[in-house]
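Report on the structure
Here is how the chains run, residue by residue.
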Amino acid sequence: MASWTPQPAGLQEILQTIRDSTDTQNKVQRTITHKLNSFTRVPDYIAYLAYILSAMPQEEDQIRTIAGYLLKNNARLILNASPEVAQYAKSAVLSAFRDSSALIRTAAGQDIVAFLGALEPRNWPDCLEQLLTMLDDPSNQEAAFSVFEKACEDFPRKLDIEINGTRPLDFMIPKFLMLSEHPSAKMRSHAVACLSYFVPVSSQSLFAHIDAFIACLFKRASDEDPSVRRHVCQALVLLLAARPEKLMPEMANVAEYMLYSTKDKNESVALEACEFWLTFAEDPELAPYLRPLLGRVAPVLLDCMVYGEDDLIWLEGDAEDTAVPDKESDIKPRHYGGKAHGMEREGPPNGEEGTKRSVYGEENLDDEEDDDYDLDDDDDFADEMSTEWNLRKCAAAALDVLAVRFGAELLSVLLSPLKDKLWSTDWLERESAILALGAMAEGCIDAIEEHLKVLVPYLINTLNDPKPLVRSITCWTLGRYASWCTQPVSEEHKNQYFIPTMEGLLRMVLDDNKRVQEAGCSAFATLEEDAGAELVPYLEPVLRNLVFAFQKYQHKNMLILYDAVGTLADSVGRALSNPTFVEILMPPLTARWNKLQDDDDDLIPLLECLASVTIAMGPGFAPYAPLVFQRCINIVHQQLLYYQAYQQNPDLDEPEKSFLVVSLDLLSGLAQGLGMGLEPLISQMQPNLFQLLTVCLKHPQAPVRQSAYALVGDLAMSCFSLLRPQLPAIMNELIQQLDPEPKVEFISACNNAAWSVGEVALRYGRDDPEFQQWVNPLISRLIPILLHPKAPRSLHENAAVSIGRIGLMHPVLVAPLLPEFAQAWCQALYEIRDNEEKDSAFRGLCTLVQVNPAGIAKSLLWFCNAIVRWNNPSAELNAMFAQLLTGFRNHDPTGWRAQVATFPPTIQERLAARYGV
């Protein structure tokens with residue numbers, strides 16, 4: 001052992017604290033936690049923990065094990081420990097790993113993994129040597145292998161290195177391959193698992209033995225142990241993603257095996273096998289290999305979507321539980337991101353989608369997965385049915401991706417089995433088929449459309465099913481087809497599909513089962529987004545239903561109800577300002593408002609909802625505005641004081657930013673809704689809005705700055721005369737925020753700053769002398785953003801709009817710079833949907849071209865492309881286009897004809913048809 005020895009007093013204090021930690025009283029626990037945290041400042045704390053774990057056999061195993069777990073949680077302290085302390089801790093855990101007690105060996109094994117992760121294996125090679133030696137020792141090999149498996153899973157890259165001229169993996173991989181033949185199933189399972197974790201990191205040590213590895217997988221494929229088969233399936237999934245060319249020659253056999261395994265009675269094996277089809281479908285280059293298998297794979301996936309017995313026990317799905325309060329553990333934390341300004345593009349580029357409400361993943365955001373390829377704890381797939389990724393959800397996700405990839409081909413394969421299941425007498429079969437219909441909606445919509453005239457009435461009718469799980473999945477699937485139901489194609493379509501869907505979902509919003517309420521409310525919010533103004537004639541019954549839900553809902557569903565009300569306001573806009581509707585909606589919102597304290601987390605979604613409602617109601621919201629404005633000001637002030645206290649004393653918890661962000665966004669809503677009606681509130685109420693806003697513009701948390709910049713832009717649009725005296729102080733903060741390559745967490749703040757300076761420029765007006773002082777500082781930051789290849793697309797767009805608007809107001813100052821940015825400017829905005837922002841930006845560009853015609857010469861193709869991409873330019877902008885194009889042609893008819901002849905035919909045709917050039 002190393003030279004470190006414990007001090008008796010220190011040892012006793014730590015020991016006593018660990019003993020006390022077994023007390024279950026909450027008050028005691030809080031004190032103990034605080035005390036244990038304070039020990040981390042003791043330089044040799046980890047050595048004391050290692051000593052208790054390894055050298056105190058007289059202590060109870062429970063106490064020694066707790067010391068081991070504390071050591072694991074504080075493993076990173078070894079990086080700053082003295083050489084004596086570090087050496088002692090390492091030696092002690094290796095010693096404890098051979099203890100006679102299984103509990104101590106397990107704790108020591110976790111410590112070894114944690115130390116290896118913190119130190120990196122290259123700095124503790126003798127540990128790897130000892131573990132490898134133990135693999136040959138029958139009494140220790142299983143424990144050593146479990147440590148290897150955890151290390152290979154947690155940090156495969158750190159093991160794939162060279163130490164003193166040799167690569168440990170060059171010894172480990174052949175050893176693992178050999179042990180995959182071991183008589184013990186646990187050893188075989190560890191071996192296959194360890195090997196598989198080096199696939200995603202493209203380890204050359206593994207790939208040198210790739211054929212032997214694949215042969216090992218085929219050999220173990222029929223292993224009698226389900227854990228071994230699960231790891232075989234997992235390895236094949238990882239190989240398909242990393243080295244598909246190695247599997248393709250054997251794909252017929254692999255596919256047979258995976259189809260067989262997807263039906264395995266052991267769900268963990270079936271789930272890993274099902275992942276194979278999800279991975280296969282996600283890679284477009286593998287589509288030709290998957291297409292011939294579609295007829296066999298899709299029906300198997302469909303069968304996997306039926307609830308298992310375990311699911312049904314867990315779900316307790318039949319209860320009329322609307323009056324049963326929710327457990328706090330049922331309510332997931334919500335992250336409020338704040339208001340971001342972005343532009344709408346023509347059609348989704350590269351298959352980009354908005355946020356999808358999904359039954360097999362609450363919001364399928366398609367996050368890139370990390371090395372560890374671990375979906376087990378992926379929040380994106382934690383749907384409303386359970387909190388874990390399971391076979392049913394994996395199959396539904398795979399079907400969704402297959403539908404996008406193969407569309408009509410998939411539907412033709414599944415049409416017959418779907419019909420059988422939809423009209424089955426077994427409710428579980430019907431439920432799974434309805435889930436499948438929803439999963440296929442996005443990819444198969446063109447092919448399935450002819451069947452929707454039968455399917456949508458079937459789904460509406462199924463909302464009457466006695467089983468709540470059937471009603472809830474039907475809500476979700478109707479939501480997936482909401483865009484078809486809400487198409488304003490004819491009165492007949494509206495009466496047959498739109499109105500019955502709307503009425504059916506509103507009934508589900510008020511169902512007596514909480515799961516159905518949740519699904520109904522979410523689906524209705526989707527319908528609201530798709531229907532937009534089509535909902536206006538039905539606003540009164542819609543509002544009465546939603547308002548009744550306020551009396552009926554428990555805590556969790558109340559949060560979804562706020563979202564549905566906010567989405568309704570966004571969708572119908574000023575139609576909500578009708579006094580009748582204000583009278584229906586505001587009393588329940590006001591009642592909730594009065595009930596909640598300023599620091600209640602439930603206030604956040606209510607304020608978020610009210611931000612949408614204030615914009616939609618406009619002047620109709622005026623009677624409620626003073627109370628709302630004052631409370632927002634109070635919350636902002638209080639939260640800024642909390643943050644100031646935290647800055648002065650970092651031992652305090654950092655304040656939650658959401659209260660600040662959502663209050664600023666509600667103030668933005670008030671500005672948009674009331675405009676100059678805000679003047680008496682701003683001038684009379686204390687603390688002063690602009691003083692608070694100036695502090696928020698400098699706030700260290702980016703989401704706070706993001707919402708503050710949005711508020712500046714909204715105040716500029718709605719009540720500029722109130723904002724103008726404050727702008728000299730505000731503009732410098734906005735200019736500082738404009739960054740060509742912001743950190744990821746600053747992108748939205750930078751976007752809002754870029755957008756708001758354009759709004760401010762417009763409101764100042766043409767050649768305003770006060771604004772002139774900011775033109776060069778702004779343009780000198782906006783142009784690099786526009787030209788930066790790594791700046792996010794949204795930032796390019798907002799920068800281009802603001803350059804155009806500043807150019808519109810100050811053309812003489814900006815026009816000389818036109819050659820620098822003209823091409824990038826046109827590229828940034830040609831795909832944006834026609835709207836007023838784009839119109840004013842293009843009028844600015846045209847003004848710059850009028851002042852400096854030579855500045856567009858090298859970018860003429862891009863300029864003409866951007867012009868012909870417009871669908872409905874304003875009369876003023878269209879006249880500017882015509883004047884410039886005619887001017888170019890008349891200035892040099894021969895040169896113009898020669899240049900236009902090089903343009904793509906579509907651009908030539910549109911220029912000739914619209915502008916006669």
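Bear in mind the structure is a predicted one, so any value in this text is a computation, not a measurement. (Residues numbered from 1 in each chain as written. Predicted model: local features only at pLDDT ≥ 70, side-chain atom pairs only at ≥ 80, totals over all residues. Heavy atoms only, no water.)

Regarding the overall build of the protein
Within the protein, the regular secondary structure consists of 50 helices and zero strands. Relative to the 2.2 N^0.38 estimate, which gives 29 Å for 917 residues, the radius of gyration of the protein is 32 Å and therefore close to what a compact globule would have. For the protein, the spread of C-alpha atoms along the principal axes amounts to about 90 × 70 × 70 Å. Within the protein, the fraction of its 917 residues that count as buried is 56%. The long-range fraction of contacts in the protein, counting pairs at least 24 apart against all pairs at least 6 apart in sequence, stands at 75%. Carbon and sulfur atoms provide 50% of the accessible area of the protein, an area that totals close to 39,300 Å². (Helix = DSSP H or I, 4+ residues; strand = E, 2+ residues; numbered from the N terminus. Rg over C-alpha atoms; globule rule 2.2 N^0.38 Å. Buried < 20%, exposed > 50% of the residue type's maximum accessible area, 1.4 Å probe, protein only. Contact = heavy atoms within 4.5 Å. Areas by Shrake-Rupley, 256 points an atom, 1.4 Å probe, with all protein chains shown as cover.)

Some remarks on the environment of F213
Along the chain, F213 falls in helix α13 (residues 210–220). Taking the relative accessible area as the measure of exposure, F213 reaches 0% and is therefore buried. The sequence separation of F213 and N123 amounts to 90 residues, and the corresponding C-alpha distance is 29 Å. Sequence-distant contacts of F213, that is, excluding residues within four places in its chain, are made with L177, L195, S196, V199, L206, A235 and L239.

Structural notes on unusual backbone geometry
Following Q686, the chain continues into P687 via a peptide bond in cis, with omega recorded as -5°. Here P687 lies in the loop between α36 (679–684) and α37 (689–697). A positive phi angle is found at D767, which is not glycine, with a value near 55°. Position of D767 relative to the elements: it lies in the loop between α41 (747–764) and α42 (769–787).

Brief notes about the pattern of salt bridges
Applying the stated criterion across every chain yields a total of 42 salt bridges. Across the salt bridge formed by D160 and R167, the nearest N and O atoms sit 2.8 Å from each other. Owing to a relative accessible area of 25%, R167 belongs among the partly exposed residues under this scheme. Residue R793 is joined to E831 by a salt bridge in which the shortest nitrogen-to-oxygen separation is 2.3 Å. Taken as a pair, R793 in helix α43 (residues 793–809) and E831 in the loop between α45 (818–829) and α46 (836–851) lie far apart in primary sequence, 38 residues in all. (Salt bridge = Lys/Arg side-chain N within 4 Å of Asp/Glu carboxyl O.)

What about the nonpolar core?
Core analysis: the biggest nonpolar cluster contains 339 residues, and W277, L410, W825 and F863 have the highest contact counts within it. It is helix α21 (residues 391–406) that contributes the most residues to this core, 11 residues altogether. In this structure, L410 is in contact with L294, A298, L399, L402, A403, M440 and C444, ignoring residues within four places of it in sequence. (Core = buried A, V, L, I, M, F, W, Y, C linked by side-chain atoms within 4.5 Å.)

Considering the packing of helix α31 (residues 555–572) against helix α33 (residues 603–617)
How two helices sit against one another is set out by the angle between their axes and by the gap between those axes. Between α31 and α33, whose axes approach to 8 Å, the crossing angle comes to 15°. Considering their axes alone, α31 and α33 lie roughly parallel with respect to each other. For the pair α31 and α33, the sense of crossing is left-handed. Across from L559, Y562, V565, G566, A569 and D570 in α31, the residues of α33 making contact are P605, L606, C609, S612, V613 and A616. (Axes fitted to C-alpha atoms, helices over the stretch in contact; angles between N-to-C directions. Parallel < 35°, antiparallel > 145°, perpendicular 65-115°, else oblique. Left-handed = near helix turned anticlockwise from the far one by under 90°.)

Brief notes about the confidence of the model for the protein
Residues of the protein with pLDDT of at least 70 account for 93%, and the chain-wide mean is 91. Low pLDDT (under 50) marks residues 348–386, which in the prediction has 87 contacts with non-local residues, meaning those over four places away or in another chain. (pLDDT = per-residue confidence, 0-100.)

Some points on the packing of aromatic side chains
On inspection of all chains with the given rule, the structure shows 26 aromatic pairs. Three or more aromatic residues joined by ring pairs make a cluster, and in this case those are W825, F842, W870, F881 and Y915. Lying over the aromatic face of F207, R243 brings its terminal NZ or CZ to 4.6 Å of the ring centre. (Phe/Tyr/Trp six-rings, centres within 6.5 Å; stacked < 30°, edge-to-face > 60°. Lys NZ or Arg CZ within 6 Å of the ring centre and 35° of its normal.)

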